[in-house]
Amino acid sequence: MTPYREVDREPSFPALEEQVLERWRERDVFHESVRRREGGPEYVFYEGPPTANGRPGSHHVLARVFKDVFPRYKTMRGHQVHRKAGWDTHGLPVELEVERELGIKSKEDIEAFGIAEFNQRCRESVLKYVDEFARLTERIGFWVDVDDAYVTYHNEYIESVWWSLKEIWKKVLLY
């Protein structure tokens, strides 16, 4: 009897993927990697967040691979790395998507539709594909805490941006 398990000559890669993901879930591998480094030097990582009002694409995979390299390296070097996911919920991508959905072509169309109603539609659209992003994130092995993600339209986030701008201003680094 050989001490090695025979290798399947025609593996099902989707089945292998599911086995690996299930093992990671059962063992809570990501959170365990953070817990095991408790007391180590801290390295904080906040993801530059995607806008989740569009489906994830291959460019998100590439970006997330790069975003994962440094936190993994620091983890392997003994740092405790809290990796906080985020969702970008403002800006042109959001507005353009809602304009497309509503058939809006101009600023005047937005005003006729109603600015408050347009803003509400934007708020509703920004997290439309969060579940798809979370699934992609898990499938590519990007270990980041999507359950406690920051959202850029939450007051805490907005206030932190204003605070950091104030600090930069006070140091005469902003002009």
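As a starting point, this report considers the structure included with it. Keep in mind that what you see is a predicted model, and the values were worked out from it rather than measured. (Residues numbered from 1 in each chain as written. Predicted model: local features only at pLDDT ≥ 70, side-chain atom pairs only at ≥ 80, totals over all residues. Heavy atoms only, no water.)

On a plain count of helices and strands, the protein comes out with eight helices and three strands. In the protein, the succession of α and β elements from N to C terminus is α-α-β-α-β-α-α-α-α-β-α. A compact globule built from 175 residues should have a C-alpha radius of gyration of about 16 Å, whereas the protein, at 21 Å, is more than 25% larger. When its C-alpha atoms are laid out on the principal axes, the protein stretches across 80 × 45 × 25 Å. Burial analysis of the protein (175 residues in total) assigns 27% to the buried set. Restricting the contact set of the protein to residue pairs at least 6 apart, pairs at least 24 apart contribute 79%. Taken as two groups, the 27 positive and 32 negative side-chain charges of the protein have centres that lie 6 Å from each other. (Helix = DSSP H or I, 4+ residues; strand = E, 2+ residues; numbered from the N terminus. Rg over C-alpha atoms; globule rule 2.2 N^0.38 Å. Buried < 20%, exposed > 50% of the residue type's maximum accessible area, 1.4 Å probe, protein only. Contact = heavy atoms within 4.5 Å. Lys, Arg positive; Asp, Glu negative; His and termini not counted. Charge placed at Lys NZ, Arg CZ, Asp CG, Glu CD.)

The next thing to look at is the sheet that holds strand β2 (residues 80-87). Here we have three strands laid out as an open sheet, ordered β1-β2-β3, and parallel in their pairing. Whereas interior strands pair on both sides, the edge strands pair on one side only; in this sheet they are β1 (42-46) and β3 (145-151). Between one strand and the next, the sheet's axes are offset by a mean angle of 35°, whatever the strand orientation. Here β2 runs beside β3; their pairing, made up of three bridges, is parallel. The residue of β3 that forms the bridge with K84 is D145. Running over the sheet, helix α3 (residues 58-76) touches β1 and β2 and is turned about 160° from β2. (Pairing = 2+ DSSP bridges. Axes fitted to C-alpha atoms, helices over the stretch in contact; angles between N-to-C directions.)

With that out of the way, let us pick up the environment of D68. Looking at where D68 falls in the secondary structure, it is placed in helix α3. Looking at D68, the relative accessible area reads 8%, which means it is buried. Residues D68 and F13, 55 residues apart in the sequence, show an inter-C-alpha distance of 23 Å. For D68, the contacting residues outside a window of four places in its chain are R83, G141, F142 and W143.

In this section: the packing of aromatic side chains. Within the structure shown, the criterion is met by three aromatic pairs. Centre to centre, the rings of W87 and F133 are 5.8 Å apart; their planes meet at 65°, and the pair counts as edge-to-face. Within this pair, whereas W87 is found in strand β2, its partner F133 is found in helix α7 (residues 130-139), the two being separated by 46 residues in sequence. Take W87: its relative accessible area is 4%, and that puts it in the buried class. F133 gets classed as buried once you look at its relative accessible area, which sits at 0%. Across from the ring centre of W143, 4.3 Å away, lies the NZ or CZ of R72, which sits over that ring. (Phe/Tyr/Trp six-rings, centres within 6.5 Å; stacked < 30°, edge-to-face > 60°. Lys NZ or Arg CZ within 6 Å of the ring centre and 35° of its normal.)

A few words on the pairing of β1. Where β1 meets β2, five bridges bridge the pair, whose relative direction is parallel. By the bridge assignment for β2, F45 is matched with R83. With α3 bridging β1 and the parallel β2, this β-α-β connection has right-handed handedness. (Right-handed = clockwise from strand over helix to strand, strands pointing away.)

Residue position: T75 is located in helix α3. A polar contact is formed between the side chain of T75 and the side chain of R83, at a distance of 2.8 Å. Ignoring any residue separated from it by four or fewer positions in sequence, one finds T75 in contact with S33, R37, V81 and R83. (Polar contact = N/O pair within 3.5 Å; in protein donor to acceptor, adjacent residues only side chain to side chain.)

This next bit is on unusual backbone geometry. Unusually for a residue other than glycine, D28 sits at a positive phi of about 50°. Inspection of the secondary structure puts D28 in the loop between α1 (13-27) and α2 (29-35). Of note in the backbone geometry, V172 takes a positive phi value of approximately 55° without being a glycine. Relative to the assigned elements, V172 resides in the segment after α8 (155-170). Owing to a relative accessible area of 68%, V172 belongs among the exposed residues under this scheme.

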